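Chain by chain, the residues run as shown.
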Amino acid sequence: MTHFRLFPAALLAFGTLAATSACATGYTYGRPPERSVYYANADRLAYDNGFHDGIREGEHDAKSGRRYEPSHHGEWRDADDGYHRNYGDRDYYRRNFRSGFEAGYSQGFRHFDDGHYRR
């Protein structure tokens, strides 16, 4: 008979534990956790951040009469401008950042180079 009195208490404790762990993970029914939203956009954000930095540096180098050397810039070497840990793997972010930086650098450099492309 005493076992039957403990059953409702055990059931209540199990239900509370299950609900607490579900809330702690951040999952809600029908919606992914916010972390995956950040991660899904990390490649695009990294590329865009790199592109904007690359345009600025490419224009500056061309206006200053410097050689075409995107990899000589600290922004390209670090490749983590705008990175947030919610974006996931830092190396993945860096690869996309560098790709954007090189595209932006090329566009900015060629815009102000006046056809004297220097390598």
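For the structure itself, consult the block above.
Just so we're clear, the structure is a prediction, and the values are computed from it rather than from any experiment. Every residue gets a number counted from 1 within its own chain, in the order that chain's sequence is written. The predicted origin of the model limits local features to residues at a pLDDT of at least 70 and limits the giving and counting of side-chain atom pairs to 80 or more, whereas totals for whole chains, interfaces and linings rest on all residues. Side-chain calculation: all heavy atoms of the structure are included, whereas hydrogens and water are not.

### Examining the nonpolar core
The nonpolar side chains of a soluble globular protein tend to be buried with one another. Of all hydrophobic cores here, the largest spans 13 residues; its most connected members are Y87, Y93, F97, F101, Y105 and F109. Numbering goes from the N terminus for both helices and strands, where a helix is a DSSP run of H or I of at least four residues and a strand is a run of E of at least two. Those elements that provide at least two residues to this core are α2 (34-63) and α4 (90-112). For this core, the element with the most residues is α4, which contributes five residues. With near-sequence residues (within four places) excluded, Y105 lies in contact with G54, I55, E57, G58, D61, R67, Y68, E69, P70 and H73. Throughout, nonpolar core names a set of buried Ala, Val, Leu, Ile, Met, Phe, Trp, Tyr and Cys residues whose side chains join them through atoms within 4.5 Å. The classification of residues rests on relative accessible area computed with a 1.4 Å probe and restricted to protein chains. Under 20% of the type maximum is buried, over 50% is exposed, and intermediate values are partly exposed. The contact definition used throughout considers only heavy atoms, calling two residues in contact when any of these lie within 4.5 Å.

### As for the environment of G54
Looking at the element boundaries, G54 is found in helix α2. Put simply, G54 and E75 are 21 residues apart on the chain and 8.3 Å apart in space, counted from C-alpha to C-alpha. When sequence neighbours within four positions are dropped, the list of residues in contact with G54 reads F101, G104 and Y105.

### Some details on the packing of aromatic side chains
Stacked, edge-to-face and tilted are the three classes for Phe, Tyr and Trp ring pairs, Trp counted by its six-membered ring, which pair at centre distances within 6.5 Å; planes under 30 degrees apart are stacked, over 60 edge-to-face, the rest tilted. Counted according to the given criterion, the structure contains 10 aromatic pairs. Measuring from centroid to centroid gives 6.3 Å for Y47 and F51, while their planes differ by 20°, and the two rings are stacked. Here Y47 and its partner F51 are both found in helix α2, four residues apart, which amounts to about one turn of the helix. Overall, the relative accessible area of 25% leaves Y47 in the partly exposed class. Accessibility expressed as a relative area gives 19% for F51, which makes it buried. The interplanar angle of 70° and the centroid separation of 5.3 Å between the aromatic rings of Y83 and Y93 together place this pair among those described as edge-to-face. Highlighted residues: Y83 in the loop between α3 (74-78) and α4 and Y93 in helix α4, separated in sequence by 10 residues.

### Re the pattern of salt bridges
Any carboxyl oxygen of Asp or Glu that lies within 4 Å of a side-chain nitrogen of Lys or Arg is treated as forming a salt bridge with it. Taken as a whole, this structure holds eight salt bridges when the rule is applied. The closest approach of N and O atoms between D61 and R66, which form a salt bridge, is 3.6 Å. R66 sits in the partly exposed class, given a relative accessible area of 42%. Notably, a salt bridge pairs R67 with E69, separated by 3.6 Å at the nearest N-O pair. Where salt bridges share partners, they join D53, R56, E57 and E75 into one cluster.

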